[in-house]
Amino acid sequence: MNKKDDKYKVLIGDFDEVFADKIRKEFNSDDNFETLGIVQDGEGVYSAVKEFLPDVIILNIILPNLDSLTILESIKSVNYKIPPVIIVISPFSSESMITKVMEEGASYFFIKPFDIKLLLRRVKEMIGLSITSRENLPRPNKPNEDKNLDILITQSVNSLGIPANIKGYNYIRAAIHIILKENKEEYALTKSIYPLIAIKYATTPYRVERAIRHAIGSTWNRNSNRMEEALYGTVNINGSNRPSNAQFIANLANKLRLQLA
């Protein structure tokens, strides 16, 4: 990303001036960021993106003149060397809408109301900035712990017969690693896990989802018995229905969590 005076540039597109100002103040309170301004209509957002090439774009899903989906489509034509982090916020939840904005290039999706401090934290994670509170924690065994966890995850994924030369293989490993490292009992693949993997591998959440689905489906078609045996310890527990991405990742994560307990 391009930094101005060693700060990441943030553009906020939201007609809710009070809420947008809270976001502005939160980002400006962090030395890593500089807010370019608050734009209240879609055409203005697109013009500002072309003019200033912000590193972070925060969009309300509903904007006058141009909606966020049209803006996302238009941003693809902007001359970015490194794509910006794009956060879409919405007053309502819709899985189809979340999927659509992710397909169009959004990095993350927040549903109002939400903690603005969490918004800042997620943006920092995606950019790759460390969080101060975590920097001060002692980590004497972290490299070995991460290595051992990666080995265990790799062994478990290999036991399912998923080919290591396809993209979904690495995306599955990354998803399990995120879930286990953050010790998540509940998680949202579309809203939380896919965007983080997409940032890591310089792709989109939609492509992550599709690659994982392909990896599961192709492996299941070759040897469903092996996959069921590895996941559930028995064969035909789910009949002829292959697991969804969420079912597959949840079962594999839970199995590994038991081994680590």
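So, here is what we can say about the structure in this document. (Residues numbered from 1 in each chain as written. Predicted model: local features only at pLDDT ≥ 70, side-chain atom pairs only at ≥ 80, totals over all residues. Heavy atoms only, no water.)

## A closer look at the nonpolar core
Here is step 1 of the chain: Of all hydrophobic cores here, the largest spans 57 residues; its most connected members are Ile-87, Ile-172 and Phe-248.
Here is step 2 of the chain: Setting aside its immediate chain neighbours within four residues, Ile-87 contacts Ile-57, Ile-58, Leu-59, Tyr-108, Phe-110, Leu-119, Val-123 and Met-126. (Core = buried A, V, L, I, M, F, W, Y, C linked by side-chain atoms within 4.5 Å. Buried < 20%, exposed > 50% of the residue type's maximum accessible area, 1.4 Å probe, protein only. Contact = heavy atoms within 4.5 Å.)

## Some points on the packing of aromatic side chains
Here is step 1 of the chain: For the coordinates displayed, the defined rule picks out five aromatic pairs.
Here is step 2 of the chain: Where Phe-19 meets Phe-114, the ring centres are 5.4 Å apart and the plane angle is 85 degrees; that geometry is what we call edge-to-face. Highlighted residues: Phe-19 in helix α1 (residues 17–28) and Phe-114 in the loop between β6 (108–111) and α5 (116–127), separated in sequence by 95 residues.
Here is step 3 of the chain: With centroids separated by 4.7 Å and ring planes inclined at 40 degrees, the aromatic side chains of Phe-110 and Phe-114 adopt a geometry described as tilted. The exposure classification of Phe-110 matches that of Phe-114, with both residues buried.
Here is step 4 of the chain: Members of the aromatic cluster, joined through ring pairs, are Phe-19, Tyr-108, Phe-110 and Phe-114.
Here is step 5 of the chain: A cation over a ring is seen here: Lys-112 above Phe-19, with NZ or CZ 4.4 Å from the ring centre. (Phe/Tyr/Trp six-rings, centres within 6.5 Å; stacked < 30°, edge-to-face > 60°. Helix = DSSP H or I, 4+ residues; strand = E, 2+ residues; numbered from the N terminus. Lys NZ or Arg CZ within 6 Å of the ring centre and 35° of its normal.)

## Concerning the packing of helix α2 (residues 42–52) against helix α3 (residues 68–75)
Here is step 1 of the chain: It is at 10 Å that the axes of α2 and α3 come closest, and there the two elements cross at 20 degrees. In terms of orientation, α2 lies roughly parallel with respect to α3. Of the two possible hands of crossing, α2 and α3 adopt the one that is right-handed. Between α2 and α3, the contacting residues are Gly-42, Val-45, Tyr-46 and Val-49 on the first element and Ile-71, Ser-74 and Ile-75 on the second.
Here is step 2 of the chain: When its residues are assigned to classes, the contact of α2 with α3 shows five nonpolar, two polar and no charged. (Axes fitted to C-alpha atoms, helices over the stretch in contact; angles between N-to-C directions. Parallel < 35°, antiparallel > 145°, perpendicular 65-115°, else oblique. Left-handed = near helix turned anticlockwise from the far one by under 90°. Nonpolar A, V, L, I, M, F, W, Y, C, P; charged D, E, K, R; others polar.)

## Description of a nonpolar patch on the surface
Here is step 1 of the chain: Together, Phe-15, Ile-62 and Phe-92 make up an exposed nonpolar region whose accessible area comes to about 270 Å².
Here is step 2 of the chain: Tracing the chain through its elements places Ile-62 in the loop between β4 (56–60) and α3.
Here is step 3 of the chain: Its relative accessible area of 42% is what places Ile-62 among the partly exposed residues. (Patch = residues over 30% accessible without salt bridge, like charges linked within 9 Å, V, L, I, M, F, W, Y side chains within 5 Å. Areas by Shrake-Rupley, 256 points an atom, 1.4 Å probe, with all protein chains shown as cover. Salt bridge = Lys/Arg side-chain N within 4 Å of Asp/Glu carboxyl O.)

## Some remarks on unusual backbone geometry
Here is step 1 of the chain: The omega angle of the peptide bond from Lys-112 to Pro-113 is -5 degrees, so this bond is cis rather than trans.
Here is step 2 of the chain: Residue placement: Pro-113 occurs in the loop between β6 and α5.
Here is step 3 of the chain: Phi is positive for Leu-53, which is not a glycine, with a value near 50 degrees.
Here is step 4 of the chain: Mapped onto the elements, Leu-53 comes out in the loop between α2 and β4.
Here is step 5 of the chain: Accessibility expressed as a relative area gives 23% for Leu-53, which makes it partly exposed.
Here is step 6 of the chain: Look at Asn-65: it is not a glycine, yet its phi comes out positive at around 75 degrees.

## Some points on the environment of Asp-31
Here is step 1 of the chain: Mapped onto the fold, Asp-31 is located in the loop between α1 and β3 (33–39).
Here is step 2 of the chain: Taking the C-alpha atoms as reference points, Asp-31 and Lys-7, 24 residues apart in sequence, are found 7.1 Å from one another.

## Let's talk about the environment of Glu-51
Here is step 1 of the chain: Mapped onto the fold, Glu-51 is located in helix α2.
Here is step 2 of the chain: A relative accessible area of 59% means that Glu-51 is categorised as exposed.
Here is step 3 of the chain: A sequence separation of 27 residues divides Glu-51 from Val-78, and the C-alpha atoms of the two residues are 9.6 Å apart.

## Considering the pairing of β6
Here is step 1 of the chain: As defined by bridge partners, strand β5 (residues 85–90) adjoins β6 across four bridges and the pair is classed as parallel. Within the sheet, the bridge partner assigned to Ile-89 lies in β6 and is Phe-110.
Here is step 2 of the chain: Following the chain from β5 across helix α4 (residues 95–103) to the adjacent parallel β6, one finds a crossover that is right-handed. (Pairing = 2+ DSSP bridges. Right-handed = clockwise from strand over helix to strand, strands pointing away.)

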